[in-house]
Every structure is written in structure tokens, then in C-alpha cells.
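Below are the chains, spelled out letter by letter.
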Amino acid sequence: MYLQERAEPRLHPDSYGHRPRKSALDAVGVCRRRCWENDWIIDLDIQKLFDEVPRDLIVKAVEAVTNTRWVLLYVKRWLKAPSQQPDGTLVERNQGTPRGSALSPVLVNLFMHFAFDLWMARNYPDCPFERYAEDAVVHCASRHQAEAVLGQIATRMSEVGLRLHPEKTRVVYCNDDNRRGEHEHTTFTFLGFAFRAREAVNGKTGVHFTSFQPAISPEALEAKGAELRKMRIHRRTNLSLNDLARWLNPIVGRWMSYYGRYYRTELYPLLGRVSSYLRRWAGKKYKRLRTYKPFKRWWTGLQDREPGLFVHWRWVRPY
């Protein structure tokens, strides 16, 4: 808390990760707007940032915002402390800062502020970016500029002891109705959203066109589907409908709030699966609902009586 209070005012406005009053959705929204304004982006991924960030440079970054001796003492102790494994054994660490800890996000943000954010602002002020921890998107006006800037970023990361992920880092063309041509990469994923050309409708004229838009990524959709499958909703016959709603609504509501912010129709198949599991639950709990027509009557009546029982019914109401 002491360190973040002093670091926060210094951090770059386009650093979004683990900061108060900033969110991943903020970063996605700014990224979407800038993709409309710039033809090319660099999809940037720093490999093993938390695991490999040099400790001496972290300490220098902390010293740039405070010279309080007890803060520096605890930061150094924190970085040197061994990690404890599930079986109780201690493993010595010689680099990096523990991922998932309370202090590590502040330390990493401070380090990246000097190693990347300020460096970009100083050397490439015409290339805006959004960074969330180790993931970043850099916007460029041309392919030539994007490739040149990427080369310089790779050199810069090497200078500060880090590496770009060779498979996740690439130059991408923001293809839409106004940007044509064949290019190797025309889509990228940022914070769980896949950015690519998608059909859109002009709200005033009703004309359909192609726009470069974010939506829940296939990887995120698959991960949430696996999470849904593990919940075994159809086997929770010991629960009532109200119990199911109290359990499921916060979980599904978070999916809708995050992934439904942009191009939410891509989320509909996942929400439809929630209703499919509920149908299976009803058939297991009540024998009379195992065939379609009795279930259909019951389901329709339920939605008429309690239209807000399940949060996903606001968007998807199958059967």
C-alpha cells in the first residue's frame, strides 16, 4: 500500500494492469478505438516477465519512487525469499518476483514503467500502446513502421534482461472494409478478446459493413466451456431452482459483464449451454420433465413467472 501510493502517480496512463480505477476492459476499449485509427499493430508478449525480471533493476525502479529504508529492505527481502512448495520444501530463487503475490504487480509495473512505457513514450511518441502486465499492443501507421519498432522493442527488452515470446509476438494488419489486401496476420488476441474483421451495422442507416472489432476469443470461450462442464450443473439435483440461480448467477454474470462488453453475440453459445445443462438438471430431478413437450411447458411457464431468475435469460432464452 505504501509503495503503490507513491508509484501510482508516476505510472503511464496506458498501463492498465493491477492498478486502481483501471481495468482490462478499459484497455480493450482503448485498443479497439486505436485499431480504427491505425492500420497496423504489434501484438507484444513478454516471455516469463514475472519469472525473469532482473532483481537489480526492480530495486532501481523502487529507488526512483522512494528512498525509505524500510521499504527498500522489505522489497529486497521479498525478492530473495525462497518459495515454499506444496510439500513444504523450500526452493531458492535467483531471479524474478513471485507471480500471484500482493507486491509483485506493483514491482513489475514499476519496472515496466521505466523499461518499456517511458522508453516508448520517449522514442516512439507517435506509436500509442496499451499494456497490461506482460501483454501489450502497439499501434503503427504502416507495416514498415511496425516491423522497425518491433525490432527496436526486441533490442530494448534484451537490454533489460527480458525476451519477447517468439510465437505470440507478431505484426498484425487491422483489416476492414476500408483496408484491403492479403497479409499474413489479420487477427490478434488481447486480454481474452480476439480482434478481427467482423460484420457491423450502422445504427443510423442500417447499412452492414465490416469493422475491426473485439469479441470473446476462441481460447477464452473454450476455457469457460471447460469451466462450465466441470461445474456438473445437471448432477446438482440436491439443489432447488433458487439454489441454482444463487450459485450460477454471479459466475455467469461475470462472464457477461466482461466478455459481453464487445460483440456479445459471440458469447451466446456459451450462455445457451447453461440452459442446456439446466434442462438436463430438470430431467434428472423430475421424471415428468424428461420428454420435450412437458419440459417445454414447464420451462415456458417458469420464464413467464420468473423472467429474471437466471441472469443469462436477459440475452439468451432458448427452448
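The structure displayed is predicted, hence computed values, not measured ones.

For the rest of this paragraph, the subject is the overall build of the chain. Looking only at helices and strands, one finds eleven helices and ten strands in the chain. The buried share among the 319 residues of the chain stands at 49%. Of the contacts formed within the chain by residues at least 6 apart in sequence, a portion of 66% connects residues at least 24 apart. In the structure as shown, the chain presents an accessible area of about 16900 Å², 50% of it carried by carbon and sulfur atoms.

The subject of this paragraph is the sheet that holds strand 10 (residues 208-216). What holds strands together in a sheet is hydrogen bonding between their backbones, with the strands either parallel or antiparallel. The strand order across the open sheet built from three strands is 8-9-10, with neighbouring strands paired in antiparallel fashion. Edge positions in the open sheet fall to strand 8 (188-190) and strand 10, since each of these has one partner strand only. If you compare each strand with its neighbour and ignore which way they point, the axes differ by 50° on average. Both strand 9 (residues 193-201) and strand 10 contribute to a ladder of nine bridges, which runs antiparallel.

Moving on: the packing of helix 4 (residues 55-63) against helix 5 (residues 69-80). The geometry of helix 4 relative to helix 5 is characterised by a closest axis approach of 11 Å and an angle of 160° between their N-to-C directions. Judged by the inter-axis angle, helix 4 sits roughly antiparallel to helix 5. Handedness of the crossing formed by helix 4 with helix 5: right-handed. In this structure, helix 4 uses Arg-55, Ile-58, Val-59, Val-62 and Glu-63 to contact helix 5, whose residues at the interface are Val-71, Leu-72, Val-75, Lys-76, Leu-79 and Lys-80.

A few words now on helix 9 (residues 241-259). In a regular helix each residue adds 1.5 Å, so 19 residues correspond to 27 Å; helix 9 covers 25 Å between its end C-alpha atoms and thus fits that length. Regarding helix 9, the residues found buried are Leu-241, Leu-244, Ala-245, Leu-248, Asn-249, Ile-251, Val-252, Gly-253, Trp-255, Met-256, Tyr-258 and Tyr-259. Buried residues in helix 9 make contact with helix 2 (24-37), strand 9, strand 10, helix 8 (218-230), helix 10 (268-285) and helix 11 (292-305).

Counting 54 residues, the largest nonpolar core has Phe-188, Phe-195, Trp-298 and Phe-310 as the members making the most contacts within it. With ten residues, helix 9 is the largest single contributor of residues to this core. Ignoring sequence-local partners within four residues, the contact set of Phe-195 consists of Val-28, Cys-31, Arg-32, Cys-35, Thr-186, Thr-187, Phe-188, Phe-190, Phe-212, Gln-213 and Pro-214. Counting residues in hydrophobic clusters, the runner-up holds 46 residues, among them Ile-42, Val-108, Phe-116 and Trp-119.

Moving on to the environment of Arg-99. Tracing the backbone shows Arg-99 in the loop between strand 3 (90-91) and helix 6 (104-123). With residues near it in sequence (within four places) discarded, Arg-99 still touches Phe-50, Ser-104 and Glu-134.

A separate point is the pattern of salt bridges. One pass over the full model with this rule turns up ten salt bridges. The salt bridge partner of Arg-19 is Glu-8, with a shortest N-O separation of 2.7 Å. Residue Arg-19 is found in the loop between helix 1 (2-7) and helix 2, and its partner Glu-8 is found in the loop between helix 1 and helix 2; the two are separated by eleven residues along the sequence. Here Arg-19 matches Glu-8 in class, with each residue buried. We note a salt bridge from Arg-143 to Glu-147, for which the minimum N-O separation is 3.1 Å. Here Arg-143 pairs with Glu-147, and both are found in helix 7 (residues 143-159), just four residues apart, close to one helical turn. Judged by its relative accessible area of 43%, Glu-147 falls in the partly exposed class.

Turning our eyes to something else, we now look at the pairing of strand 9. For a regular strand, side-chain orientation follows a simple rule: the groups alternate between the two sheet faces. As defined by bridge partners, strand 8 adjoins strand 9 across three bridges and the pair is classed as antiparallel. Following the sheet pairing, Phe-190 is matched in strand 9 by Phe-193. Between strand 8 and the antiparallel strand that follows it, strand 9, lie two residues; Leu-191 among them carries a positive phi value of about 55°. Here strand 9 folds back onto strand 10 in antiparallel fashion, the turn holding six residues, of which Gly-206 has a positive phi close to 80°.

A surface patch of positive charge is lined by Arg-232, Arg-235, Arg-280, Lys-284, Lys-287 and Arg-290. As for its position among the elements, Arg-290 is in the loop between helix 10 and helix 11. You can call Arg-290 exposed: its relative accessible area is 54%.

The next point concerns the state of the cysteines. Under the criterion given, the structure shown has zero disulfides. For the unlinked cysteine Cys-127, the closest cysteine sulfur is that of Cys-140, found at 4.0 Å.

Conventions we followed
Residues numbered from 1 in each chain as written. Predicted model: local features only at pLDDT ≥ 70, side-chain atom pairs only at ≥ 80, totals over all residues. Heavy atoms only, no water. Helix = DSSP H or I, 4+ residues; strand = E, 2+ residues; numbered from the N terminus. Buried < 20%, exposed > 50% of the residue type's maximum accessible area, 1.4 Å probe, protein only. Contact = heavy atoms within 4.5 Å. Areas by Shrake-Rupley, 256 points an atom, 1.4 Å probe, with all protein chains shown as cover. Pairing = 2+ DSSP bridges. Axes fitted to C-alpha atoms, helices over the stretch in contact; angles between N-to-C directions. Parallel < 35°, antiparallel > 145°, perpendicular 65-115°, else oblique. Left-handed = near helix turned anticlockwise from the far one by under 90°. Expected span 1.5 Å × (residues − 1). Core = buried A, V, L, I, M, F, W, Y, C linked by side-chain atoms within 4.5 Å. Salt bridge = Lys/Arg side-chain N within 4 Å of Asp/Glu carboxyl O. Patch = residues over 30% accessible without salt bridge, like charges linked within 9 Å, V, L, I, M, F, W, Y side chains within 5 Å. Lys, Arg positive; Asp, Glu negative; His and termini not counted. Charge placed at Lys NZ, Arg CZ, Asp CG, Glu CD. Disulfide = S-S within 2.5 Å.

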